[in-house]
Every structure is written in structure tokens, then in C-alpha cells.
Amino acid sequence: MITRPVRERPADQVRTMVAEGLKRTGYDEVALTSLSTADFSGIDQVVRDTVNDPSCGGQVSVSLPSLRVDAFTVGIAGEIQKARRTGLTFAPEAGTWRMRQVINKLITEEDLYAAVRSAYSQGWRRMKLYFLTGLPTETDEDTLGIATLARRCIEIGREYHRSPSVTVSLGGFVPKPFTPFQWFGQNTREELQRKIYLLRDELRRDHGIKLKWHDPKATMAEGLVSRGDRRLGPVIEDVWRHGGTFQEWSEHFDLDLWEAALERAGLREEDFVYRHRTEDEALPWDHLSAGLHKDFLWQDWRDALAEVGLEDCRWTPCYDCGACTGYGIEHVVASAVPPAGGSQGTGQDLAVGGEVPVVLLASKPVRVGAG
Amino acid sequence: MTIWNQLEPLLGKVQKPARYIGCEDGAQTPHHHPDSAAWLLAYPDTYEIGLPNQGLQILNEIINERADGVAERTYAPWTDLEEQLRSHGLPLFSVDSHRAAGDFDILAFNLSAELTYTNVLNMVDLAGCPVRSADRSATDLLIGVGGHCTYNPEPIADFVDFVVLGDGEEVVGEITEVVAAWKSAGKAARIDVLRALAGVTGVYVPALYDALFDDGMLVAITPNDPAAPEVVEKRTIADLGAWPYPKNQLVPLTEVVHDRLNVEVFRGCTAAAGSARPG
């Protein structure tokens, strides 16, 4: 949201950068990066050209890293011929349609299952599904909806393979500045842990489904510094002075250091992390501007609670969020028509024949061994 | 000045010494000049995670193409090397020419994850620079930050001298001009360069603002200096096609995350209003 408006690299330039980059670096894999690459309007052509480029020796694989692959058309995958076949990641983000409407993640179950079916039918056995828990208005029904989705994916997989597997990756939701959820009081550590265990217990007897989750203690610390103010300075310094480095690494993260530092500073988690903020209170980033009107965000926040989804504003009428007009630029896109199956779901005939090896990786870096 | 001769014997005592030697295909060894602003671009996590960061690679190339700027790179030393550096009295260094961090003018971090903030403090300290900006003198490093997390820089406001909001491609050149001019004039008073930086659109200088609290609640954050704008606007490059960077993506000698060619096809995000990780 912060990086609105959308600016696309011209497809010709992408082709040149890909071809010359592969030649110079010797890599046999290229990632087309951005938050949601399948939304790039020139994607089909670029992928087709890269894979078919004889100078690449027909040995190049293309990755589409994204945490939000709802827009990914498996039709695109049909163009990618020689890639290694690792897992495929989809990010429905929430377990029920109601919950996805709240977060404006308008992917339907039908679209997800169609994409999953297509992938299984074309050779993949491992899926990774990325979800968040602790979302605004989330109920246990929403949390358990994740289990329902995962089971359905396994069922579809069994139609094609003996032992398909699904890994459910569950993150804790952290509200961020300049988003409609900047006022939302984050779920407590205890509440996140309860929801994680609820899902774990639900999936206990399901073969083929593995649940991985992010430590709610680290989610709290992330929330603390995401929306905190200058009073957090002494806390961060205190954690560091007591040896708290590499806090991104689960084996180094130490909640005790953060709690002790908060106590020494006379501050409470509650005030920075868990409390719902009010419309009239000052936010620590009010003196900064990301180009989005605060009243637009507030309206979006109220709409989210009312479960009103907005469509992708590149193709539909302007919602006057402020990100474009303030800079005197419109969304710059390389193609005048939306890509088939854009943000609103896969929406494309997925039954593209042949092998469709594609590498889809989460954009969040995977921690490599610490030494 | 390079510290390679003191550093080299220590690398045999730590895990993964390839993290610290540079020598990537595409790496540069820029020629430092007394009048050019020298940037040490930092990622506050390990080399494996930081090396592929496209933002730092883009800025590294853009600065080194300028006549008035040079840039090198550094990453958080793992705990074993930190121990060795501290016990031998050696500072943080660049991986390109193994120059001591204190020989640069600017130490600038890409902030992509909030939990790396304590590493930022650690690296500033290892660089031999006071961690609090109020304690720094004219000859100390300027500490800058940019990247996703800087839309709320308040928790680290005490430790950084300037914050870049939004796209860095254009503003990095403007900051280079300001710092190079201040350096050429003899780095008289630190407040002068801070004021000049606050005049660059997209640059926030926390020291020039006061945060007011009442009864445990934030009331407002307002400028305390006429050089500081009331609201700092983020920078946005209008045309991604005008910035085909990185032109020479670094190819590391050791394993890193995202070990492949990366081509950014668009920037910006319109969908998922409540996305947990807004771009």
C-alpha cells in the first residue's frame, strides 16, 4: 500500500535486462520481482520470450517470487518449460471468504482450488499455503477455515498423486503504518498462541498436512517497533546493550530482553501493540507522508470492518487514495488491458497441457544456516 | 585505510569467512577522493541475507557512477567475527576494500525488518561511532536509513541522523551533493549538514523535530528548526524505465538467499488494502 502508485518497467527493458543479465552472471534462473509479479501486465510475453530465447540455451527457469500469488495464472506457468520443480506457494492469507474480504484479498475458493488442481495435475506434489492469523474481526471459524482449505487441497492432490503434501505456514498479523489497519490493536501473544494451537489440534490427525508457525513472541516485538514512538528508543538500546543482536533469528530472539527493557523504561506492551487506536489520536508517523490521505485510510479501515472489498484501482475507477494525484503521475502500466486473471483471482483456463514447472518462492528470505 | 592485514588472520577463526571477503563478480573498488562523499551501504543482517538486497545494489551503482560520490558495502558480522573484532580493537569494515567504517562519511542502512534495529545499533557501535545522534561530533559518521520500515522511524529516531522515505534512486544523488559540499567546506558544524539534509525532499532529520507527550500519549511531532518541513513527503520515481538498475548484479562466491538473477518488473502495490507487508 505504501508504494502506490504502481510503476511498471517497460516489457522491452525487462527482456533486455533478463537476457543480458543471464549472459553476464551465468545464472540459469531469473526471478521477476515485485510484490505480486503476476499482476505485471506484460508477464505472459516476458516469460514466453525468456524461456524461448535460444541464446539462453533453453535451460533457463523463471521464478515469480511473491507473497500474494492469487493473481498468478497457472497459464503463465505453461510457458515456463525447463525450471526445476520445487514447491509451489499460494497465499490465500485467510481461511474464509469473509475474512479475505476484510483484508481485501479477493481470491475465491474456486479460484484457489482451480490453481491447486492445475498445479497437481501438471506434476507438483508439494504445496505451501501462506496464511495470517490475528487479523481484524477474525473468529475461530476463520482460523479453522484454514484447515478446511488445506484438506481440500490434499483431496485434490490425491486425485493425481499417492502422497501429496501441503505445508500451512501461519504468520501473526502485525499492523503497519500507512495501511488501513494502522489503528488495529494487534492480537496478544496469548491470543495468537491460542489460535495457533487451535489449528494445530484441528490438523493433528491429517496426513500430508504440516503446520508451521511464526513465534507469537517475536510477532509482539515486531508490533512494538512497527507502530511505536520515540519512547521505544531506550528499549531498543537496552535490548542491544544486553546482547540482543540478530533478533530476526529465532535461535537468537529473546523475549526476556524485550520485556526487561520495557519494564526498565516504564512502558507497557499494551499501550503500543494491543490497544486499538482512535481516529483522533496522533500517530507517530503523522508528520510523514506516504501520499495516502489519512481519511481515505480511515474509510478503508471502516470498510474493511464492513467487509467491503475494493477492486484493483489500476483498471477500475479511482478511489482517490491520494497516492497518484499528489505526485502528478498516473499508474504507469506497460499494457492497456489487465492481465488475464489479475488481482481478482486466477480466472483463467488452467488446463494448459504439458509440464509446467515453475518456482514460486516467498519474498521473505528463508533463513540460511547461521554458520 | 584498509584493515585487511589485521583482519585476514582472524578469518581463519570464524565460520563462513567468505562472508567478509567481497570479490563478487560485479563488485567495484571505487577510488576515494577527499571531495567526494563516501557511503558505506549496510544491511543489518548477515551477508547471505543482505547481499541479494536489490535496493542496496541499485544505490551502490548509482552512487559510484557519480563524480562526487563513492560507495562500498557492509553487512552485520556474525557473532564470532564480532567477538574477534572487538577483542582485537578492529572496527566494522567494507567488504569491497576492507576500509574501516570510520573512513567513510555516511553509514546508511537498508531497513527491511523491524527486528534488525538492534543490529543497526551494534554496527554503528562497531563502526566506532556514538550510537545516539546527539552524542556525535562533526567528524563522526552520518547515520542514514531507508527502506520499507522507515515509514515509522520514530523508534530509532534517537540513533539516526537522516531517514529517506520512498524510492532512493533520485534522492541518493541529492544527499551525496549535500554531504560532498559540506565535506569540501571542512565539515565545520554537524548541525549545518543536518539542516541542509532536511531541505532535501523525502529526507527526514529526526533531531530537528520534537515529540510532545501528554499523560503517556503522543500529542504531536513538530519541527524545532526552521530548516525542517512540517510534513516530510516520500520520494517516488515516476518512471521505473529510467532506472535500469542494477546493471551488474553481484554474483557472490558463497551461497546466499535468492541466489539467481533478479529483475524488478514493477514497483508499487494496489491490491490487498490491509496487506500485512505493504510494499
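Chemist: I keep staring at the overall build of chain B and nothing clicks. Help me out?
Modeler: For chain B, the helix and strand inventory stands at seven helices and eleven strands. For chain B, whose C-alpha radius of gyration is 19 Å, the value lies close to the compact-globule estimate of 19 Å for 279 residues. Considering only C-alpha atoms, chain B reaches an extent of 55 × 45 × 40 Å along its principal axes. Out of the 279 residues in chain B, the part that is buried amounts to 56%. Summarising the internal contacts of chain B: among those between residues at least 6 apart in sequence, 71% fall at separations of at least 24.

Chemist: Sorry if this is basic, but what is going on with the environment of Asp12(A) here?
Modeler: Mapped onto the fold, Asp12(A) is located in helix α1 (residues 11-25). Along the backbone, Asp12(A) and Cys153(A) are 141 residues apart, and their C-alpha atoms lie at a distance of 38 Å.

Chemist: Hey, could you run me through helix α6 (residues 171-184) of chain B in this one?
Modeler: Each full turn of the α-helix corresponds to 3.6 residues, which orients residues three or four apart in the same direction. Residue and element names in this part refer to chain B. The terminal C-alpha atoms of α6 lie 20 Å apart, and with 14 residues this matches the ideal 20 Å at 1.5 Å per residue to within 8%. Looking only at α6, the buried set comprises Val171, Val172, Ile175, Thr176, Val178, Val179, Ala180 and Trp182. Of the residues flanking the end of α6, it is Gly186, one or two places downstream, whose phi is positive at about 95 degrees.

Chemist: Hey, could you run me through unusual backbone geometry in this one?
Modeler: Working note: non-glycine residues mostly have negative phi, and peptide bonds are mostly trans. In the segment running from Tyr245(B) into Pro246(B), the intervening peptide bond is cis, with an omega of -10 degrees. Its location among the elements puts Pro246(B) in the loop between β9 (232-233) and β10 (261-264). Positioned with a positive phi, Phe178(A) is a non-glycine residue whose angle comes to about 60 degrees. Residue placement: Phe178(A) occurs in the loop between β6 (165-172) and α7 (189-202). Notably, Cys23(B) is not glycine yet its phi reads approximately 65 degrees, a positive angle. Within the element layout of this structure, Cys23(B) appears in the loop between α1 (4-11) and β1 (37-43). Overall, the presence of 11 C-beta atoms within 10 Å leaves Cys23(B) in the exposed class.

Chemist: Hey, could you run me through the packing of helix α9 (residues 233-241) of chain A against helix α5 (residues 117-126) of chain B in this one?
Modeler: Two quantities define a packed helix pair, namely the angle between the helix axes and the distance between the axes. At a closest axis distance of 9 Å, the pairing of α9(A) and α5(B) adopts a crossing angle of 70 degrees. On the basis of the axis angle, α9(A) is roughly perpendicular to α5(B). For the pair α9(A) and α5(B), the crossing hand works out as right-handed. Only Tyr117(B), Thr118(B), Leu121(B) and Asn122(B) of α5(B) make contact with α9(A), whose side of the interface consists of Ile236(A), Glu237(A), Val239(A) and Trp240(A).

Chemist: Even after reading the chapter, I still don't get the pairing of β1(B), so can you show me in this structure?
Modeler: When a strand is regular, its side chains alternate between the sheet's two faces. Residues and elements named next belong to chain B. With seven of its seven residues buried, β1 lies for the most part within the structure. By the alternation rule, side chains of β1 split into Ala37, Trp39, Leu41 and Tyr43 and Ala38, Leu40 and Ala42, which are all buried. When β1 meets strand β2 (residues 69-75), the two strands line up parallel, connected through seven bridges. Each bridged residue has a counterpart across the sheet, and for Leu40 the counterpart in β2 is Glu72. In this sheet, strand β3 (residues 106-110) lies alongside β1 in parallel orientation, the contact comprising four bridges. From the neighbouring strand, Ala42 faces β3, where its bridge partner is Phe109.

Chemist: So what exactly am I meant to see when it comes to the sheet that holds strand β6 (residues 203-204) of chain B here?
Modeler: Residues and elements named next belong to chain B. With mixed pairing, six strands are arranged side by side in an open sheet as β2-β1-β3-β4-β5-β6. Of all strands in the sheet, those bounded by a partner on one side alone are β2 and β6. The sheet strands contacting α6 are β1, β2, β3, β4 (142-146), β5 (162-164) and β6, and the helix crosses β1 at an angle near 130 degrees.

Analysis parameters
- Residues numbered from 1 in each chain as written.
- Chains lettered and ligands numbered in written order.
- Predicted model: local features only at pLDDT ≥ 70, side-chain atom pairs only at ≥ 80, totals over all residues.
- Helix = DSSP H or I, 4+ residues; strand = E, 2+ residues; numbered from the N terminus.
- Rg over C-alpha atoms; globule rule 2.2 N^0.38 Å.
- Buried ≥ 20, exposed ≤ 12 C-beta atoms within 10 Å, placed from the backbone.
- Contact = placed C-beta atoms within 7 Å.
- Expected span 1.5 Å × (residues − 1).
- Axes fitted to C-alpha atoms, helices over the stretch in contact; angles between N-to-C directions.
- Parallel < 35°, antiparallel > 145°, perpendicular 65-115°, else oblique.
- Left-handed = near helix turned anticlockwise from the far one by under 90°.
- Pairing = 2+ DSSP bridges.

Shape descriptors only; they carry no functional weight alone.
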